[in-house]
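Analysis of the macromolecular model
One letter stands for each residue in the lines below.
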Amino acid sequence: MAYDITAANAVFTITVAGLYNAPITLQNFAADQAWETAELNCAETEMSVDGYLNTGWTPAPVDQTIHFSAGSESVVVFEAIMAAQQTARALFRLGGELTLTGTGRRYTMTNGVLRSMAVVPSAGRVLHPRSFAIRWQSVWPAGV
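Quick look at the structure, then. These numbers were taken from a predicted model, which means no experiment stands behind them.

Let us now look at the overall build of the chain. Summing up its helical and strand segments, the chain has 1 helix and 10 strands in all. Beginning at the N terminus, the succession of helices and strands in the chain can be written as β-β-β-β-β-β-α-β-β-β-β. Once the C-alpha set of the chain is aligned to its principal axes, its extents read approximately 60 × 45 × 35 Å. Sequence separation of 24 or more characterises 65% of the internal contacts of the chain that already satisfy a separation of 6 or more. Just so you have it, the chain exposes about 9,300 Å², and 54% of that area is on carbon and sulfur atoms.

Summarising the element assignment, serine 72 is placed in the loop between β6 (62-68) and α1 (74-88). With relative accessibility at 4%, the residue serine 72 sits in the buried group. Sequence-distant contacts of serine 72, defined by excluding residues within four places in its chain, comprise Gln27 and Asn28.

With 5 of 7 residues buried, strand β9 (residues 130-136) lies mostly within the body of the structure. For β6 and β9, the ladder comprises 7 bridges, and the chain directions are antiparallel. Looking across to β9, one finds that valine 62 is bridged to tryptophan 136. Here strand β8 (residues 105-117) pairs with β9 via 4 bridges, running antiparallel. Looking at β9, one finds that leucine 114 is bridged to isoleucine 134.

Phe12, Ile14, Leu26, Ile66 and Phe78 are the most contacted members of the largest nonpolar core, which totals 27 residues. Those elements that provide at least two residues to this core are β1 (11-16), β2 (24-26), β6, α1, β7 (94-100), β8 and β9. In terms of residue count, α1 provides more of this core than any other element does, 6 residues in total. Excluding residues that lie within four positions of it along the chain, isoleucine 14 makes contacts with Pro23, Ile24, Leu26, Val77, Phe78, Ile81, Leu94, Gly95 and Gly96.

The computed volume of the largest pocket comes to approximately 210 Å³. In terms of lining residues, the largest pocket is bounded by 13 residues, among which Leu40, Trp57, Pro59, Ala60 and Gln137 are the most central. For the lining of the largest pocket, the per-class residue count stands at 9 nonpolar, 4 polar and no charged. Here the second largest pocket is characterised by a volume of approximately 170 Å³. Elements with a minimum of two residues in the lining of the second largest pocket: β3 (35-37), β6, β7 and β8.

Once that is clear, we can look at the pairing of strand β4 (residues 44-47). Bridging between β4 and strand β5 (residues 53-56) involves 4 bridges; their strand directions are antiparallel. Of the residues in β5, the one forming a bridge with threonine 45 is threonine 55. Where β4 folds back on β5, the antiparallel hairpin that results is connected by 5 residues, among which glycine 51 adopts a positive phi of roughly 95 degrees.

Among all residues save glycine, negative phi is the norm, and among peptide bonds the norm is trans. Even without being a glycine, asparagine 28 presents a positive backbone phi close to 65 degrees. The phi dihedral of arginine 89 is positive, around 55 degrees, even though this residue is not glycine. Locating arginine 89 in the fold gives a position in the loop between α1 and β7.

Thresholds, definitions, all that
- Residues numbered from 1 in each chain as written.
- Predicted model: local features only at pLDDT ≥ 70, side-chain atom pairs only at ≥ 80, totals over all residues.
- Heavy atoms only, no water.
- Helix = DSSP H or I, 4+ residues; strand = E, 2+ residues; numbered from the N terminus.
- Contact = heavy atoms within 4.5 Å.
- Areas by Shrake-Rupley, 256 points an atom, 1.4 Å probe, with all protein chains shown as cover.
- Buried < 20%, exposed > 50% of the residue type's maximum accessible area, 1.4 Å probe, protein only.
- Pairing = 2+ DSSP bridges.
- Core = buried A, V, L, I, M, F, W, Y, C linked by side-chain atoms within 4.5 Å.
- 1 Å grid on protein atoms, 1.4 Å probe; cavity = no way out; pocket = protein on both sides within 12 Å on 5 of 7 lines; lining within 4 Å.
- Points joined across faces, edges and corners; volume = space filled by probe spheres on them.
- Nonpolar A, V, L, I, M, F, W, Y, C, P; charged D, E, K, R; others polar.

Structure follows, in structure tokens:
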């Protein structure tokens, strides 16, 4: 079966406990890179001096960066999270769900924190996209 691999029909929502009462649908992503997720370290390995590969599982967070067009209203959501964290001197926990309609996959992100962001957009002839980095405790794939 061939899948439709467009990202244009993806639906990405986040929740922010203690700041927003309802899920927020993110929109107006950057044209060339909407989001990216770093590789997950699935195994710890160590080779013994006499040639045995020893392995083990350890938990690891998942880093994701979301990119928005400079005119995206979703930028205001992340600026509000940053401002609330600075005011409270505490972190707000995020949840997320990414539905990729074309491939029939859904990803649920749990216990995340806004880790970093550029506080002001870069500018050239026009304003550049804005990037926001989230570290998730876990990401769980499922079918739609």
